[in-house]
Every structure is written in structure tokens, then in C-alpha cells.
Amino acid sequence: SDLSGVSLTTNGWEFFAPQSWRWLNNRRKPFDNPKFRQAIMWALDREAMAKIAWHGYAKPAMGPLNSSVKFYTEKVTHYKRDLNKAKALIKESGYNGQVLKLLPMPYGESWMRIAEIIRQNLMQAGIKVEMVSTDVAGWNSRLNDWDFDMSTTYVFQYGDPALGVARNYISSQIAKGSPFNNVEGYSNPKVDALFEAGAREVDPAKRAVIYEEVQKLLVEEVPVAWLHEIKFPTLYRSKVSNLISSGIGLNDSFAYAKVK
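Residues numbered from 1 in each chain as written. Predicted model: local features only at pLDDT ≥ 70, side-chain atom pairs only at ≥ 80, totals over all residues. Heavy atoms only, no water.

Colleague: Go over unusual backbone geometry, please, and point to the residues and values.
Modeller: Here the residue pair K29 and P30 is connected by a cis peptide bond, since its omega of 5° sits within 30 degrees of zero. Within the secondary structure, P30 is located in the loop between β2 (19-24) and α2 (34-43). Unlike most non-glycine residues, F71 shows phi in positive territory, near 70°. By the secondary structure assignment, F71 is in the loop between β3 (58-60) and α4 (83-93). The backbone of Y158 sits at a positive phi, close to 60°, despite the residue not being glycine. One can find Y158 in the loop between β6 (150-155) and α7 (161-164). (Helix = DSSP H or I, 4+ residues; strand = E, 2+ residues; numbered from the N terminus.)

Structure, rendered in C-alpha cells:
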């Protein structure tokens, strides 16, 4: 098809900082064991997912904070695919070979491809996985009721850990009825205290120290399996100007958009 006069942008998403991951139900065995959750991170081929499912518009996430969010650090464990490490941790965790159910996010083919790669990766590490398909309403309902083993999702982080990150890890956000709070059921008093301290602190240098500590702790305990920092490309006619005019990108009102 003719793409003359067509432009592409991913601008505006830096503020929202979308991140994909897999919910791991920490309430259920074997996900209650951090070693098993670490094994999942070592088993995943997130580079392949980014290339195949996201066509390159994504990169593996280092941990709970996107690289565009304040106080992000790379001073954490770097999980790259290593089946030997994954298999060793699976053995240490006491996984008994039970079938684990994966509930893909029903938001289109890219999410289904990611789920298929996840299933293949985990089975190569010795974890038995069954795909469970549902529609959007069913997906929401099951997450709201914590009726899942694993599920894919994505969340927005809004530029600061106190705004869009803490809600997914602090104990006070373990509450049925939302698919976007602490759905995994992870609870650590130290993590709670660090996020509270980070939200209250006004000195940026002190906040950076606090959030570095919480990132290191979460990456070691793997409450969820982080997948990617994702960007949503937008195709538009070049004759349109000011399509993106604020930090919220395409979620703005287009009040300043004009056709030349």
C-alpha cells in the first residue's frame, strides 16, 4: 500500500512508561517460592519475544521501574535466558511437575504470540504449562478474583515510582476487584516501608537511594515476571501537525492538532 505522506511516532509514551509482565500468583505453590519465580525469569527468552511479538517496538524490562521512570537503576540482577540456571532453581524449589495454567491477556495476536513463546520457554526448562483462553470480560473477572496461576498484562507507570509502581507491590493494594493493583499477592514489610519512605521524602538524592534499594529487593524476589518496556507506534498523515502535544501522548484531547 502507498505510505507516502505517512509518519510514525512513539512520542508521548515516555510519561506513561508502559511495561508488560506476567502475573505470578504468589499465593499458590510453586509460586510462593522465590527460587521458582527466579527460575521463570532465567527461562524466558524476552529478546525473542520483543523481536517476534512486538516487531522490535519493545526491549526487555530490567525490573519494576521502566528506564524512563525517575530513580530507575541498572544495579540489579540482570536476567538473561539461561536454561541451566532455570533448571537448577526449579529443582531447588521443589517443583513437583504439576501443570500450571497460563491465562493470556486477550488483547490481540501479539499477546497470544507472547503467551505461546512463554509456554515454549517454560516447557523447555521442565515446567508443564497449559494455555487457558478467555475473553476480555473473563480475563478481568479471573484476575479480580485471583483465579489464575499465571497471566500476561501491561501497566502504566506515570513517570514516578510513587504514582504508578508502588501500587503493584505494596501490601495495602492486595484487594480483590481490580486487575491492575497487587494482583500477585506479594507482601514484604520492608518493601512496604521503602515505598512509603520514597513517597514521603522530598530530597531527590535520598529518594534515589530508597528506590535503588527497593528495586534490588524486588528483582531478587521476583513477585512478577517482568517482560518488556513497550512502545505503541502510531501511523499518521504528515499533513497533521501537533498530533502529540503533551506528556500523555495520544490520550490527550488533540486540542492543538491541525491539518495543514
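Colleague: Quick one: what's the story with the packing of helix α8 (residues 189-200) against helix α9 (residues 204-221), residue by residue and with numbers?
Modeller: Across the interface, α8 lies against α9 with an axial gap of 9 Å and an inter-helix angle of 155°. Between α8 and α9, the angle falls in the class roughly antiparallel. As for the relative orientation of α8 and α9, their crossing is left-handed in sense. Contacts between α8 and α9 pair K190, V191, L194, F195, A197, G198 and A199 from the former with R207, I210, Y211, E213, V214, L217 and L218 from the latter. Residue composition of the contact of α8 with α9, by class: 10 nonpolar, 1 polar and 3 charged. (Axes fitted to C-alpha atoms, helices over the stretch in contact; angles between N-to-C directions. Parallel < 35°, antiparallel > 145°, perpendicular 65-115°, else oblique. Left-handed = near helix turned anticlockwise from the far one by under 90°. Contact = heavy atoms within 4.5 Å. Nonpolar A, V, L, I, M, F, W, Y, C, P; charged D, E, K, R; others polar.)

Colleague: Now, about the pattern of salt bridges: what can you tell me, with residues and values included?
Modeller: Within this structure, the stated rule accounts for 10 salt bridges. Here D32 and K29 are joined by a salt bridge, their closest N and O atoms 3.2 Å apart. Close ionic contact of E196 with R200 constitutes a salt bridge, the shortest N to O distance being 3.2 Å. Within this pair, E196 and its partner R200 are both found in helix α8, separated by 4 residues, close to a single helical turn. (Salt bridge = Lys/Arg side-chain N within 4 Å of Asp/Glu carboxyl O.)

Colleague: Run through the environment of A162, naming residues and quoting values.
Modeller: In this structure, A162 sits in helix α7. With relative accessibility at 35%, the residue A162 sits in the partly exposed group. Placed 33 residues apart in sequence, A162 and F195 show a C-alpha to C-alpha distance of 7.1 Å. (Buried < 20%, exposed > 50% of the residue type's maximum accessible area, 1.4 Å probe, protein only.)

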